[in-house]
Structures are given as C-alpha cells and as structure tokens.
Amino acid sequence: MAVPPSTHPRRLLPLFLGLFQGTLLLFFALFVTYDEPSAQAEDTSLVANQVYSTFPFFQDIQVMLVVGLGLLLTFLPRYGFSALTHIFLLLNFSMQWALVLQGLLHHFHQGQIHLDLHKLLLSVFAAVTVLISVGAILGRASPCQLLIMATCEIPLYLATEWVIVTCLGVQDVGGTITIHVFSCYFGLGVSKTLFRATQQPLHPKETPTTSSDLMSLVGTLILWVFWPSFVAVLCQPGDAQHRAILNTLLAMSASAITTVVASSLLDRDGKLSPGHLQNGSLAGGVAIGVLADMAVPPAASLALGSLSAVLCVLGFRFLTPSWALHLCMGPGHSA
Amino acid sequence: MAVPPSTHPRRLLPLFLGLFQGTLLLFFALFVTYDEPSAQAEDTSLVANQVYSTFPFFQDIQVMLVVGLGLLLTFLPRYGFSALTHIFLLLNFSMQWALVLQGLLHHFHQGQIHLDLHKLLLSVFAAVTVLISVGAILGRASPCQLLIMATCEIPLYLATEWVIVTCLGVQDVGGTITIHVFSCYFGLGVSKTLFRATQQPLHPKETPTTSSDLMSLVGTLILWVFWPSFVAVLCQPGDAQHRAILNTLLAMSASAITTVVASSLLDRDGKLSPGHLQNGSLAGGVAIGVLADMAVPPAASLALGSLSAVLCVLGFRFLTPSWALHLCMGPGHSA
Amino acid sequence: MAVPPSTHPRRLLPLFLGLFQGTLLLFFALFVTYDEPSAQAEDTSLVANQVYSTFPFFQDIQVMLVVGLGLLLTFLPRYGFSALTHIFLLLNFSMQWALVLQGLLHHFHQGQIHLDLHKLLLSVFAAVTVLISVGAILGRASPCQLLIMATCEIPLYLATEWVIVTCLGVQDVGGTITIHVFSCYFGLGVSKTLFRATQQPLHPKETPTTSSDLMSLVGTLILWVFWPSFVAVLCQPGDAQHRAILNTLLAMSASAITTVVASSLLDRDGKLSPGHLQNGSLAGGVAIGVLADMAVPPAASLALGSLSAVLCVLGFRFLTPSWALHLCMGPGHSA
C-alpha cells in the first residue's frame with residue numbers, strides 16, 4: 001500500500017494504533033460486560049427477539065460500509081487497494097472509539113457498561129460519519145491523518161447528535177441531519193484545512209478507467225440495495241419500520257430514474273455521466289432519512305427522491321466538484 | 001455510456017423517462033396510500049410479522065437482480081458499465097410501472113391503492129420478466145428501445161399471469177412458466193423484430209476477456225446463492241416455504257455438478273466452457289420453480305436439476321446461441 | 001478453464017462426477033425424504049420458526065463460501081476463473097457427499113433420512129473443511145485430484161468431529177478445532193504428499209496484479225463481514241447466540257486493527273502487506289470459534305482477536321509461506 005509522501009515518521013501509525021488498541025483492551029477489561037446470561041439457554045425473551053430482528057439489518061449495513069462504500073471509492077484505479085484498506089481500518093477504529101465514548105456518555109451504570117448488539121449498531125452509525133467525511137480527503141491524506149480526523153470527529157458527532165436529537169427533539173431516524181449533513185461539513189472543513197492553498201490537480205494515476213468505474217458502480221449498487229436497512233434499522237418495530245422501508249424504496253427508485261433524466265438532459269450528447277449516476281441514485285436515500293418513518297403519503301417520498309436527485313446532479317454540473325460532493329451530502333466522488 | 005448509433009433524437013430518453021416519472025408522481029399523489037397506522041407503535045401484528053419474514057427475502061432478490069444479474073451481463077468488457085446501468089434503470093422503471101398496473105388491476109378499492117411490501121415484491125417479480133427478456137437484445141438496442149420494450153412487456157406479463165395462474169389454476173410459485181418461459185419468448189420475439197435480417201456478427205469490442213469473464217461468473221454465483229430466496233418468497237409460510245428452500249438448494253446443487261459433467265464431456269479437451277457453467281448452474285433453479293413447494297421427494301428435485309442442466313448445455317452446444325439462450329429460459333449470455 | 005497438465009485421461013473428471021451424481025440420485029430416491037407435511041399450510045410450528053431463524057444465517061454462509069472465498073482465491077490473475085469454478089464445484093460435491101455420510105451415520109431411522117435445513121447446514125460445515133484444505137494445493141492440482149481429496153477428507157472430518165465433540169465433549173461452536181485445525185493439517189499433508197520434492201517456484205502467471213489483489217481483498221472483506229453468522233449459526237438460540245455474535249464482532253475488529261499494527265511494524269517502510277491484511281483480519285474469527293458462545297468477558301474476545309492477528313502476521317513473516325498459511329488455520333494465500 002503506497003503511503004502518500006508526507007513528513008511524519010513511519011512508525012507513527014503502528015504506535016498510535018497499537019496504543020489505542022491496548023488502551024481499549026484495558027478499558028474493556030475494567031468496565032465492559034455482557035448482560036447477565038438469562039436463566040436458561042432456550043430463553044427467547046424480548047432481548048433475544050430484538051437480536052433476531054436487528055441482526056439481518058446489522059449485516060446489511062456492514063456489507064454496505066465494508067464492501068459497498070469500499071468499492072465505491074476504488075474509482076481511482078491505482079488507489080483502489082488503499083481505499084478499501086483505509087475504509088476498513090477507519091470503520092473498525094471509529095466503531096471501537098465510539099463504543100467507548102457512547103458507553104461513557106449514555107450507558108455507564110454502576111461502573112459498568114452492558115454491551116449488546118444495539119449499542120454496537122449505534123457505534124457503527126457513529127463510524128459512518130467518519131467514512132463519509134473521509135471521502136473529501138481520501139487519496140490525499142496519510143493513514144495517520146485519517147485516524148486523527150476520526151479521533152476528533154467521533155466526539156464532535158456525539159455532541160452534535162445530543163444537541164439535535166435530545167435537546168432540539170428533531171426526528172432523524174435515517175441520520176440525514178446528524179450523520180450526512182454533519183459529516184459533509186466536517187469533511188469539507190478538514191479538506192480546507194489540510195489542503196488550503198489550491199484545489200490540487202488530480203495526480204495522473206487518479207484518472208478513472210473503464211474497469212475501476214465498473215467496480216465503483218458495483219459499490220454504488222450495493223449501497224443502493226441495502227440502503228433501506230440502514231434507514232429502517234433504528235425505527236420502532238412494526239408499522240413505523242415497515243413505512244421506513246417502503247418510503248426509502250420509493251425515494252431511491254425515484255432518485256435512480258430522475259438521475260438518468262437530469263444527467264441525460266445536461267449532457268450535450270445525451271450521455272449519462274458515471275459521477276451523476278453514482279451520487280444521484282443515492283441522494284434519495286440520504287434525503288428520505290429525515291421523515292422515513294413518518295406517515296407521509298407515498299407520493300411525498302417519490303417527490304423527495306426526485307427532487308434530491310435533481311439537486312444533486314445540478315450541483316455536480318454547476319458547482320465545483322468538491323461543493324457538489326457536499327451538496328449531495330453523501331458518499332461519492334467528484335469525477 | 002456509449003449510446004448505440006440509432007436514428008432517434010437524443011432528447012427522447014429524458015423526455016420519455018421524465019414524463020413517466022411525473023405521471024407516476026401524480027398517480028401516487030391521487031390514488032396511493034399506506035395502510036392506516038396501527039394503534040400503537042410497538043404493535044407486532046400479523047402484518048408487521050409478515051414484513052419481518054418477507055424483508056430478508058426481498059433484499060436477497062434485490063441483490064440478485066441489481067448486483068448479480070448486472071455483473072452477469074458485464075461479460076462484454078467495454079459494454080460492462082452500460083449493462084449495469086441499463087439493468088438498474090430497467091428494474092426501477094419496470095417495477096414502478098408494474099406497481100401502477102397491478103394496483104389498478106388487483107388492488108383498487110374505494111379509489112385507493114394500499115401499498116405494502118408484498119405489493120412492491122410482486123412488482124419486482126414483474127420487473128424480472130423485463131430483465132430476462134432484455135438479455136436477448138442488450139448491447140444492440142438503445143436505452144429508449146429497452147424502455148419501450150419494458151412498457152409493452154409489463155401489461156402483457158400481467159395478462160399472461162392472470163390467464164395462467166387465475167384462469168387455468170396452474171401452480172407456479174417460482175415463476176418458471178409465467179416469468180421465465182414468458183419472458184424468454186417475449187425477448188426472442190423482440191430480438192427477431194428489431195434485428196430481423198441476420199444474426200449480426202459480434203462487434204470486435206464484444207469479445208469477452210479474462211477479467212470480464214471473471215466478473216460475469218461472480219454475478220452468476222450471486223444469482224446461484226440467492227436463488228432459493230427468489231423461489232421461496234411467495235410460498236405459504238411454514239412447511240411449504242421450508243420445502244421450497246430445500247428443493248431449490250438440491251436442484252441447484254445437482255445442476256452445478258451436472259453442468260461440469262456435461263460441459264466437460266462435450267469439449268474435445270475436457271475443458272469447461274464459461275458459457276455452459278453460467279447458464280447450466282442456474283437451469284435447475286429455473287426448472288424447480290414449477291413444483292418447489294410441493295411435497296415431491298427430494299430425489300425428484302435432484303433429478304430435475306440434473307436434467308435441466310443437461311438440456312441447457314446440450315442446447316448451448318447444438319442449437320444456435322440465441323435459441324440455446326432461450327431453451328435455458330434464464331438470464332445468460334451466448335458466448 | 002485451463003486444466004493443469006497432468007497424466008490422467010481427460011475423461012476421468014466427467015466420469016467420476018457423473019457416476020457420483022447418479023449414485024447420489026439413487027441413494028436419495030431410496031432413502032431420503034422430507035418431514036411429513038404438517039396438518040395445515042399456515043402452520044408456524046417450532047420447526048418452521050427454526051427455518052426462519054436459520055435461513056438468513058445459511059444464506060450469509062453461502063455468500064461467504066461461494067463469493068467471498070472464491071474471490072479471495074482469485075489473487076493469481078490468470079487462475080482466477082478456475083479458482084472460482086473449483087471452489088464452486090468442490091462446495092457442491094462435498095456438501096452432497098457429506099449429506100449422504102452424515103445421513104447414514106447420524107440420521108438413519110427406520111430406513112429413512114429426514115432432510116431439513118439444519119442437516120443441509122451441517123453438510124455445508126463439513127464442506128468448509130475441504131474448501132480450506134484446498135487452499136494449500138489450489139492452482140497446482142487438477143480438478144480430479146481436488147475431488148479425490150474431497151472424497152477422502154469428508155469421512156475423515158466426520159470421524160474427527162465425532163471423536164472431538166462427542167467423545168471428548170469439547171465445546172467448539174465455531175468449528176475452530178474440528179474445522180480449521182483439522183483442515184489445515186489435512187491440506188498440509190496432501191500438499192506434502194502431492195508435491196513432495198520441493199516447494200515449486202511460482203509459475204510466472206501466478207504473480208498477483210493490482211486488479212487481482214483488489215478482488216482478493218473484496219473476497220476477504222465479504223468473509224470478514226459474514227463471519228459472525230458462521231460462528232453463531234449453530235449456537236443455542238437466545239443469549240448464547242447473541243453472545244457469539246458480539247464476541248465474534250469484537251474479536252474480528254481487534255484482529256483488523258492489530259493486523260495493521262503488526263504488519264506496519266514488520267515492514268521497513270511501514271507499508272501494509274496485502275497477504276498480512278487478508279489473513280490477519282480473519283484470524284480473530286477463526287480463534288474465537290472455540291469460546292464464542294461462552295460467557296467470557298468482552299475484553300477476552302478483544303484480546304484473543306489481537307493475539308491471533310499478531311501470531312498470524314508473525315507466522316507469515318518468519319516461517320515459510322506454507323507453514324504460515326497453516327498457522328493462521330484459515331483460508332488465505334501465501335503471497
């Protein structure tokens with residue numbers, strides 16, 4: 001894995017990561033425990049049932065992040081392997097870091113944190129903010145810079161989420177505001193700070209090829225397919241979750257078609273742009289997060305999906321790539 | 001995305017698609033609604049339970065169609081990106097179109113259509129017919145031609161399904177007859193009409209490469225893995241669904257092994273042909289659809305899987321590719 | 001598919017496989033049956049419920065083996081297609097063969113074997129041993145040699161499992177000992193026997209390329225994501241299964257981070273090695289199998305994950321590749 005040239009010593013990455021994993025291990029040994037085992041093994045209590053309804057969603061989300069988002073970011077042919085590796089490392093690091101912070105903030109009772117699948121899921125959601133922000137600097141920052149960004153972003157996200165959801169009482173099941181908007185501005189800020197001077201020209205090896213575009217599109221499609229699981233997993237079981245699934249499916253389907261319309265209209269020859277397709281198709285899923293579980297009419301989901309796709313494609317065409325990326329508020333690249 | 005040379009104006013595609021999405025939005029606003037929200041959020045009624053048993057199957061089927069079938073059709077190296085895009089567009093278009101037509105035909109009560117996951121699933125099944133038919137003309141037809149084909153095929157499919165299932169009372173849980181046989185003849189007909197004159201020679205860029213063959217095989221394997229979900233999802237919950245899963249697993253396993261036997265016997269050097277492998281392995285899944293949920297002995301599933309693989313490979317070898325494709329009645333390519 | 005040069009007649013493979021599938025068909029016709037259908041279709045008895053809790057895990061495991069392990073083994077660019085094909089063939093062959101043997105050994109009542117999803121799952125677990133062992137000789141052995149290895153390994157595995165689990169009463173839910181350790185020594189033995197003389201130099205076409213390394217990493221990540229399903233599927237439903245999922249998630253996350261630390265420390269330039277990453281990340285999943293469902297503290301899972309990753313990377317660096325492969329006791333390659 002080619003580490004981009006930078007001035008930091010080579011040993012910083014393993015030192016930092018090793019220290020982190022060691023401290024975490026100590027923290028877990030002292031404070032983290034599982035729920036007491038229930039009386040008998042065959043127990044199918046509420047907690048157990050919750051595991052069975054959550055776990056398939058959890059796996060869908062892991063596939064989205066590790067495989068889907070990883071492949072989406074392989075559009076730079078020679079950076080593909082590093083992109084996959086960095087996403088994988090950042091997911092694991094941020095998830096563990098969020099697990100500790102969330103445990104200390106919300107779940108610390110009588111000197112212990114009781115770990116369950118739901119708390120792991122919340123940590124994965126926190127890690128998603130990092131994975132989105134990273135899209136703005138991936139390929140230009142060293143692994144160490146990425147890890148430092150993650151270290152700072154997780155506590156800031158938890159604070160923002162607390163303000164938005166707990167203090168202001170905003171409904172945000174799909175994490176549209178807390179996750180997508182927050183992480184887009186954070187990523188933009190980091191990008192401005194690190195690479196202030198100019199929008200650097202793309203390194204020659206950063207030109208997408210046919211094959212890397214194909215893999216990137218496969219990643220997009222994996223995200224598209226599993227997005228309903230991401231939006232619905234934290235909804236109330238029953239009708240609300242059912243509605244969240246349906247609303248997300250409708251919004252994403254409208255997004256996909258509207259993206260083709262908009263992208264084709266904007267191009268002189270009526271051709272589709274891979275960049276439009278990859279970002280526009282997911283725009284509906286990002287936008288629907290705010291109201292996915294509410295009892296809005298189905299037409300509203302379709303309209304929201306279409307609208308967000310149009311805005312995303314227009315942003316891509318008429319703003320600079322980096323702003324467009326952030327208008328779309330989602331993972332994507334600025335080809 | 002290189003649009004094949006054709007005489008239609010460049011603006012036809014966005015115009016047609018935009019008009020479609022707009023009309024659909026209007027239709028949804030006027031007639032489509034969700035079920036009334038149940039009394040309380042924590043409700044775990046029968047409807048909710050149905051969502052939880054259907055949703056994992058639904059996601060499996062989406063992966064099959066969007067990722068699996070898309071990759072399967074990337075065997076032409078320079079057409080791969082377009083193949084993925086077209087499949088994605090057609091799935092969304094056909095699904096929405098089928099949702100409207102099915103709603104008007106079957107679910108229109110008191111001026112309203114109550115949308116739920118089951119109805120979305122039925123629309124996806126209808127869209128599958130389009131995705132299979134498209135295999136016969138993909139790479140030779142423009143996006144507009146593909147959309148027009150989808151527009152005509154969906155109502156024809158719904159009519160055929162009504163005749164076969166409702167009037168004739170034929171059992172067809174896996175959609176073998178209504179989906180696979182119907183769509184194969186439809187695709188064949190469209191192919192003959194559009195490209196009547198001669199079997200055009202393959203464009204030079206249409207020669208499969210090592211890398212495109214690999215991705216295409218990955219697509220086949222994704223279809224193979226998730227096929228039991230496709231066959232079982234519409235069965236009665238309980239024993240019938242259990243049997244459908246087992247029968248499909250057995251048939252597809254027998255197909256896989258028999259394909260290797262048949263393909264290896266037919267080749268002078270005992271080598272396997274990628275085309276045989278890709279089509280033969282799925283033949284068992286197509287064939288088992290007719291009787292998957294019946295209480296047939298397990299040996300019958302194995303036998304049916306083997307038989308269909310042999311027929312598929314023989315068809316590939318001794319008929320012209322396009323007929324062989326249709327004998328196999330499934331998605332596949334004529335390499 | 002290029003069959004490696006060997007002295008066996010070309011017709012041996014289809015003959016052997018055809019005979020096998022025919023005999024199996026006869027065996028199924030005579031002895032294998034489904035459970036009696038329950039009184040009514042809408043039945044949601046315990047058996048049916050078991051299907052619904054097992055089937056999503058089952059599908060995850062199929063994806064791991066067919067797509068994940070298949071892609072992992074495509075790291076040799078020109079052998080990629082054959083690797084996928086051989087894994088696919090071996091999974092089907094071994095699964096059916098194990099189904100027969102396990103049926104005869106454990107489930108033969110009144111002249112009949114009652115087939116259900118659980119028994120199919122146990123056969124898939126037996127097939128996993130073959131898929132792991134095969135990593136040691138893949139690319140050097142002919143398909144026939146692979147099949148003969150599978151034919152011998154399955155009964156030996158069943159005997160070993162019987163001794164370890166039934167006689168010695170060892171807990172081993174994730175199959176760490178019975179599957180991973182057994183299959184690693186079996187594969188090593190076969191490799192020594194077949195290629196006794198020397199460690200053959202790699203054929204020139206066996207040099208990994210950027211693109212094949214990428215696909216191989218995608219395979220690893222698919223295995224990493226679905227590993228918790230593999231470890232948890234055979235646990236007692238309820239708390240034990242919940243703990244198995246959590247323990248595996250923690251162990252694999254620690255593995256991923258520790259692998260980066262260890263690999264980066266060992267390299268002079270602080271670069272990550274693809275081989276380390278691919279094997280180390282999965283080492284935690286292999287190791288946790290022994291105690292996944294026990295009520296160990298969460299810190300123990302983290303520690304075990306880290307420890308196994310360190311050992312795996314050290315083994316890779318300081319032992320010969322083939323021994324390192326087997327120290328890691330898991331699927332992987334010796335790049």
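Computed from a predicted structure; not experimentally measured. (Residues numbered from 1 in each chain as written. Chains lettered and ligands numbered in written order. Predicted model: local features only at pLDDT ≥ 70, side-chain atom pairs only at ≥ 80, totals over all residues. Heavy atoms only, no water.)

> Would you take a moment to explain the overall build of chain A for this structure?
Secondary structure assignment for chain A yields eleven helices and three strands. For chain A, the N- to C-terminal ordering of α and β elements is α-β-α-α-β-β-α-α-α-α-α-α-α-α. Residue pairs in contact within chain A that sit at least 24 positions apart in sequence constitute 79% of those at least 6 positions apart. Total accessible area on chain A is roughly 12,300 Å²; 66% of this is exposed by carbon and sulfur atoms. (Helix = DSSP H or I, 4+ residues; strand = E, 2+ residues; numbered from the N terminus. Contact = heavy atoms within 4.5 Å. Areas by Shrake-Rupley, 256 points an atom, 1.4 Å probe, with all protein chains shown as cover.)

> Just to check I follow, could you spell out the relation of the copies chain C and chain B for this structure?
In this structure, two copies of a chain are linked by a rotation about an axis accompanied by a shift along it. Between chain C and chain B, the superposition needs a rotation of 120° and an axial shift of 0.0 Å, giving an RMSD of 0.0 Å. In the structure described here, the two chain copies are related by an operation that fits a three-fold rotation axis. No C-alpha of chain C approaches the rotation axis more nearly than that of Pro 56 of chain C, which lies at 4.2 Å. Mapped onto chain B, only 2% of the interface residues of chain C are again interface residues, and the two copies thus contact each other with different surfaces. (Least-squares fit on C-alpha atoms with pLDDT ≥ 70 in both.)

> What exactly am I supposed to notice about the interface of chain C and chain B here?
One widely used convention gives an interface's size as the accessible area the parts lose upon coming together. Listed as interface residues are 52 residues of chain C and, on the opposing side, 53 residues of chain B. Between chain C and chain B we count zero salt bridges in total. Linking chain C to chain B there are ten residue pairs in polar contact (both at pLDDT 80 or more). At the level of secondary structure, the elements contributing two or more residues to the side of chain C that touches chain B comprise α1 (12-31), β1 (32-34), α2 (46-72), α3 (80-106) and α4 (117-133) of chain C. Among the elements that line the side of chain C that touches chain B, the one with the most residues is α2 of chain C, at twelve residues. Tallied by class, the residues present in the side of chain C that touches chain B amount to 35 nonpolar, eleven polar and six charged. (Salt bridge = Lys/Arg side-chain N within 4 Å of Asp/Glu carboxyl O. Polar contact = N/O pair within 3.5 Å; in protein donor to acceptor, adjacent residues only side chain to side chain. Nonpolar A, V, L, I, M, F, W, Y, C, P; charged D, E, K, R; others polar.)

> It is not clear to me how the relation of the copies chain C and chain A should be interpreted in this structure. Could you clarify?
Overlaying chain C on chain A yields an RMSD of 0.0 Å, the required transformation being a rotation through 120° with an accompanying axial translation of 0.0 Å. Of all interface residues in chain C, a mere 2% are interface residues in chain A too; the two copies therefore contact each other through different surfaces.

> Looking at this model, I keep getting lost on the sheet that holds strand β2 (residues 108-109) of chain A. Mind explaining?
Strands pair in a sheet through their backbones, by hydrogen bonds, and they do so in one of two ways: parallel or antiparallel. Reading across from one edge, β1-β3-β2 (chain A) is the order of the three strands in this open sheet, with mixed pairing throughout. Whereas interior strands pair on both sides, the edge strands pair on one side only; in this sheet they are β1 (32-34) and β2 of chain A. Note: β1 of chain A against strand β3 (residues 112-115) of chain A, three bridges, orientation parallel. Within β3 of chain A, the position partnered with Tyr 34 of chain A by the bridge is Leu 115 of chain A. Relative to the sheet, helix α1 (residues 12-31) of chain A contacts β1, β2 and β3 of chain A, its axis offset from that of β1 of chain A by approximately 55°. Packed on one face of the sheet, helix α8 (residues 239-266) of chain C meets β1 and β3 of chain A and runs near 150° to β1 of chain A. (Pairing = 2+ DSSP bridges. Axes fitted to C-alpha atoms, helices over the stretch in contact; angles between N-to-C directions.)

> Before we go on, may I ask you to explain the nonpolar core in this structure?
The nonpolar side chains of soluble globular proteins are, as a tendency, buried together. Among the nonpolar cores identified, the biggest contains 318 residues, and Phe 28 of chain A, Phe 28 of chain B together with Phe 28 of chain C are the most heavily contacted of them. Taken domain by domain, the makeup of this core includes at least three residues from each of domain 1 (54-195 + 209-221) and domain 2 (235-330) of chain B. Here Phe 28 of chain A is in contact with Leu 99 and Leu 115 of chain A together with Leu 250, Pro 298, Ala 299 and Leu 302 of chain C, once residues within four sequence places are set aside. (Core = buried A, V, L, I, M, F, W, Y, C linked by side-chain atoms within 4.5 Å. Buried < 20%, exposed > 50% of the residue type's maximum accessible area, 1.4 Å probe, protein only. Domains from an automatic or database assignment.)

> Help me out: how do you make sense of the interface of chain C and chain A in this one?
Listed as interface residues are 53 residues of chain C and, on the opposing side, 52 residues of chain A. Counting the surface lost from both chain C and chain A, the interface buries some 4,600 Å², and carbon and sulfur atoms represent 75% of this. Linking chain C to chain A there are ten residue pairs in polar contact (both at pLDDT 80 or more). Sorting the residues of the side of chain C that touches chain A by element identifies α2, α7 (210-232), α8, α9 (274-288) and α10 (298-318) of chain C as the ones contributing at least two each. Grouping the amino acids of the side of chain C that touches chain A by side-chain chemistry returns 31 nonpolar, 14 polar and eight charged. (Buried area = accessible area lost by both parts, 1.4 Å probe.)

> Explanation requested: the pairing of strand β3 (residues 112-115) of chain B in the structure shown.
Consecutive residues of a regular strand have side chains that alternate between opposite faces of the sheet. Residues and elements named next belong to chain B. Covered by surrounding structure in β3 are Ile 113 and Leu 115 only, the residues Gln 112 and His 114 on the alternate face being uncovered. By the bridge criterion, two bridges tie strand β2 (residues 108-109) to β3 in an arrangement that is antiparallel. In the strand pairing of β3, Phe 108 is matched with Ile 113. Hairpin geometry of β2 and β3 is characterised by an intervening segment of two residues between the two adjacent antiparallel strands and by a positive phi of about 50° at Gln 110.

> Looking at this structure, how should I read the sheet that holds strand β1 (residues 32-34) of chain B?
The sheet built from three strands is open, its strands ordered β1-β3-β2 (chain B) with mixed pairing. Strands with a single pairing partner mark the edges of an open sheet, and in this sheet they are β1 and β2 of chain B. Across the sheet, helix α8 (residues 239-266) of chain A is in contact with β1 and β3 of chain B; its angle to β1 of chain B comes to roughly 150°.

> I keep staring at the environment of Leu 131 of chain B and nothing clicks. Help me out?
All names here are of chain B. Summarising the element assignment, Leu 131 is placed in helix α4 (residues 117-133). The spatial distance from the C-alpha of Leu 131 to the C-alpha of Leu 69 is 8.4 Å, given a sequence separation of 62 residues. With residues near it in sequence (within four places) discarded, Leu 131 still touches Leu 65, Leu 69, Ile 87, Leu 90 and Leu 91.

> What am I meant to see in the side chain of Ser 306 of chain B here?
Topologically, Ser 306 of chain B is positioned in helix α10 (residues 298-318). The class of Ser 306 of chain B is buried, set by a relative accessible area of 12%. Every residue in contact with Ser 306 of chain B, bar those within four places of it in the chain, is listed here: Ala 254, Ser 255 and Thr 258 of chain B together with Gln 21 of chain C.

> Explain α9 of chain C here, please?
Helical geometry note: an α-helix holds 3.6 residues per turn, so side chains three or four residues apart project in the same direction. At Leu 282 of chain C, α9 of chain C shows its maximal bend, which comes to roughly 25°. With 14 of 15 residues buried, α9 of chain C is to be regarded as a mostly interior element. (Bend = angle between axes of the 7 residues up to and from the residue.)

> Just checking my understanding: could you explain the confidence of the model for chain A for this structure?
Low-pLDDT portions of the prediction should not be read for the details of their coordinates. Residues and elements named next belong to chain A. The predicted model of chain A has a mean per-residue pLDDT of 81, with 84% of residues at 70 or higher. At the level of individual helices and strands, chain A shows its lowest average pLDDT in helix α11 (residues 321-327), which scores 49, and its highest in helix α4 (residues 117-133), which scores 92. Confidence drops under pLDDT 50 across residues 1-8; counting only partners more than four residues distant or on other chains, this segment forms 14 contacts. Ignoring residues within four places in sequence, the model shows residues 326-335, a span with pLDDT below 50, making 38 contacts including any to other chains. (pLDDT = per-residue confidence, 0-100.)

> Please clarify how α8 of chain C should be interpreted in this entry.
With 28 residues, α8 of chain C should cover 40 Å at 1.5 Å per step; its first-to-last C-alpha distance of 40 Å lies within 8% of that length. Of all 28 residues that make up α8 of chain C, 26 are buried, and the element is covered over most of its length. (Expected span 1.5 Å × (residues − 1).)

> Before we go on, may I ask you to explain a nonpolar patch on the surface in this structure?
All names here are of chain A. A cluster of nonpolar side chains, contributed by Trp 162, Val 163 and Leu 168, occupies part of the molecular surface with about 320 Å² of accessible area. The residue Trp 162 is located in helix α5 (residues 143-167) in this model. By relative accessible area, Trp 162 is classed as partly exposed at 46%. (Patch = residues over 30% accessible without salt bridge, like charges linked within 9 Å, V, L, I, M, F, W, Y side chains within 5 Å.)

> What am I meant to see in the side chain of Thr 259 of chain A here?
Residue and element names in this part refer to chain A. Here Thr 259 shows up in helix α8. Among the residues examined, Thr 259 registers a relative accessible area of 1% and is labelled buried. Within the structure, the side chain of Thr 259 is placed 2.6 Å from the backbone oxygen of Ser 255, a separation counted as a polar contact. Apart from the residues lying within four places of it in its own chain, the contact partners of Thr 259 are His 276, Leu 277, Gly 280, Ser 281, Ala 309 and Val 313.

> For this particular structure, what's the right way to read the packing of aromatic side chains?
For any two aromatic rings, the description comes down to two numbers: the centre-to-centre distance and the angle of the planes. All names here are of chain B. In total, this model carries 30 aromatic pairs over all chains according to the counting rule given. For the ring pair Trp 227 and Phe 230, a centre distance of 5.9 Å and an interplane angle of 65° mean the geometry is edge-to-face. Here Trp 227 pairs with Phe 230, and both are found in helix α7 (residues 210-232), just three residues apart, close to one helical turn. Classification of Trp 227 by relative accessible area gives buried; the value is 3%. With a relative accessible area of 4%, Phe 230 lands in the buried category. (Phe/Tyr/Trp six-rings, centres within 6.5 Å; stacked < 30°, edge-to-face > 60°.)

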